Amino acid sequence: MKQIVFATNNAHKLEELRQIMGERFEVLSLADINCHEDIPEDKPTIEGNARQKAEYIREHYGYDCFSDDTGLEIDALDGEPGVHSARYGGVAHDSERNIDKVLRLMADVPMEQRTAHFRTAICLLMDGEEHLFEGRVEGRILTERHGTGGFGYDSIFQPLEGDGRTFAQMQPEEKNAISHRGRAVAKLVQFLQAL
Ligand code: IMP
């Protein structure tokens, strides 16, 4: 079976990809290839970061590889937090601070101007070629938190194509069916299955 590395430390994302691709590919984690260092991720775009992480693995470990990067892009904040989504509040992966900052900056923004989208870029490096896949979901930033599921900015993001619930009020399967990451992964899987 062909081996491919998913350059992530997120066990949940890894398991999801293994379930989808397990019959065709052996999806290796960073731990599986003994990569325990921090992979650089300092480019100004989500595509750049996804490419940087995948290239790092190919150069240092020699595997075909893919990597993802996601940003929440809010129109009223000129596309911020974007590539800074994970540490927008100043501390990496502190979602409560990140949300507090967004709500504070948007305190005076009326509902019709609270449009935003999540965007995921996946970079696949395979057989010497690079392939980029993008997934996107449109929505609105609410004025307060709703729901306790999900992670990150889910409790303030209301997807347009839903029934008014935020991502944090949906079951994981419901979110995955319309989410930025779900859509980018679907494109990756479609590409790999057609090989
Ligand atoms: P990553 O590139 O997947 O690590 O995502 C970067 C940051 O974007 C995360 O730390 C979260 O704050 C945010 N984020 C990514 N995906 C989601 C999501 O599905 N819901 C809410 N926030 C997300």
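As a reminder, the structure under discussion sits directly above these lines.
Quick look at the structure, then.

Definitions and limits used
Residues numbered from 1 in each chain as written. Predicted model: local features only at pLDDT ≥ 70, side-chain atom pairs only at ≥ 80, totals over all residues. Heavy atoms only, no water. Helix = DSSP H or I, 4+ residues; strand = E, 2+ residues; numbered from the N terminus. Rg over C-alpha atoms; globule rule 2.2 N^0.38 Å. Buried < 20%, exposed > 50% of the residue type's maximum accessible area, 1.4 Å probe, protein only. Pairing = 2+ DSSP bridges. Phe/Tyr/Trp six-rings, centres within 6.5 Å; stacked < 30°, edge-to-face > 60°. Polar contact = N/O pair within 3.5 Å; in protein donor to acceptor, adjacent residues only side chain to side chain. Contact = heavy atoms within 4.5 Å. Near = heavy atom within 4 Å. Areas by Shrake-Rupley, 256 points an atom, 1.4 Å probe, with all protein chains shown as cover. Nonpolar A, V, L, I, M, F, W, Y, C, P; charged D, E, K, R; others polar. Salt bridge = Lys/Arg side-chain N within 4 Å of Asp/Glu carboxyl O. Expected span 1.5 Å × (residues − 1).

### Observations concerning the overall build of the protein
So, step 1. Across its full length, the protein holds 5 helices and 7 strands.
So, step 2. Secondary structure elements in the protein, listed N-terminal to C-terminal, are β-α-β-α-β-β-α-β-β-β-α-α.
So, step 3. In terms of overall dimensions, the protein is globule-like: its C-alpha atoms have a radius of gyration of 17 Å, near the 16 Å expected for 195 residues.
So, step 4. Principal axes of the C-alpha set define a box for the protein whose edges measure 50 × 30 × 25 Å.

### A closer look at the pairing of strand β3 (residues 65–74)
So, step 1. Counting buried residues in β3 gives 9 out of 10 residues, a clear majority hidden from the surface.
So, step 2. When strand β1 (residues 2–6) meets β3, the two strands line up parallel, connected through 2 bridges. Each residue of the ladder has a partner; that of F6, found in β3, is F66.
So, step 3. Pairing analysis gives 10 bridges linking β3 to strand β5 (residues 115–126), with the strands arranged antiparallel. Looking at the pairing, D68 lines up with I122 of β5.
So, step 4. Of the strand pairs in this sheet, β3 and strand β4 (residues 81–82) are connected by 2 bridges, and their pairing is antiparallel.

### Observations concerning the packing of aromatic side chains
So, step 1. Tallying each qualifying case throughout the model produces 5 aromatic pairs.
So, step 2. Seen in terms of ring centroids, F118 and F167 are 6.2 Å apart; in terms of plane orientation they differ by 20°. Their pairing is stacked. One end of the pair, F118, is in strand β5; the other, F167, is in the loop between β7 (157–159) and α4 (172–178), and 49 residues separate them in sequence. In this structure, F118 and F167 share a single accessibility class: buried.

### Here's the deal with the side chain of D64
So, step 1. By the secondary structure assignment, D64 is in the loop between α2 (46–61) and β3.
So, step 2. A polar side-chain atom of D64 sits 3.2 Å from a polar atom in the side chain of K2.
So, step 3. If sequence neighbours within four positions are ignored, D64 has contacts with K2, Q3, I4, V5, L125, M126 and D127.

### A few points about the site of the ligand
So, step 1. Around the ligand, 14 residues are found, and the nearest of them are K13, T70, D154, K175 and H180.
So, step 2. Here an oxygen atom of the ligand and a backbone polar atom of T70 are 2.9 Å apart.
So, step 3. Within the side chain of K175, one N or O atom sits 2.7 Å away from an oxygen atom of the ligand.
So, step 4. Summarising the interface, the protein chains cover 90% of the accessible area of the ligand, which totals 470 Å² for the free molecule.
So, step 5. Going through the elements one at a time, β3 and α5 (180–193) are the ones with two or more residues in the shell around the ligand.
So, step 6. In terms of residue class, the shell around the ligand is made up of 4 nonpolar, 5 polar and 5 charged.

### A short note on the pattern of salt bridges
So, step 1. Under the definition given, this model contains 18 salt bridges.
So, step 2. For E96, the salt bridge identified is with R145, shortest N-O distance 2.9 Å. Pair noted here: E96 is in helix α3 (residues 95–105) and R145 is in the loop between β6 (129–141) and β7, with a separation of 49 residues, a long-range link.

### Things to note about α2
So, step 1. The first and last C-alpha atoms of α2 sit 22 Å apart over 16 residues, in line with the 22 Å expected at 1.5 Å per residue.
So, step 2. Against the buried residues of α2 lie β1, β3, β5 and β6.
So, step 3. Immediately beyond the C-terminal end of α2, within one or two residues, lies G62, with a positive phi of roughly 80°.

### Points about the environment of D32
So, step 1. Mapped onto the fold, D32 is located in the loop between β2 (25–28) and α2.
So, step 2. Residues D32 and V5, 27 residues apart in the sequence, show an inter-C-alpha distance of 8.7 Å.
So, step 3. Polar side-chain contacts of D32 include one of 2.9 Å to the backbone nitrogen of S29.

### Here's the deal with the environment of V91
So, step 1. Its place among the elements puts V91 in the loop between β4 and α3.
So, step 2. Between the C-alpha atom of V91 and that of T70, which follows or precedes it by 21 residues, the distance is 17 Å.
So, step 3. Once you skip the residues sitting within four places of it in the chain, V91 turns out to touch A86, R97 and N98.

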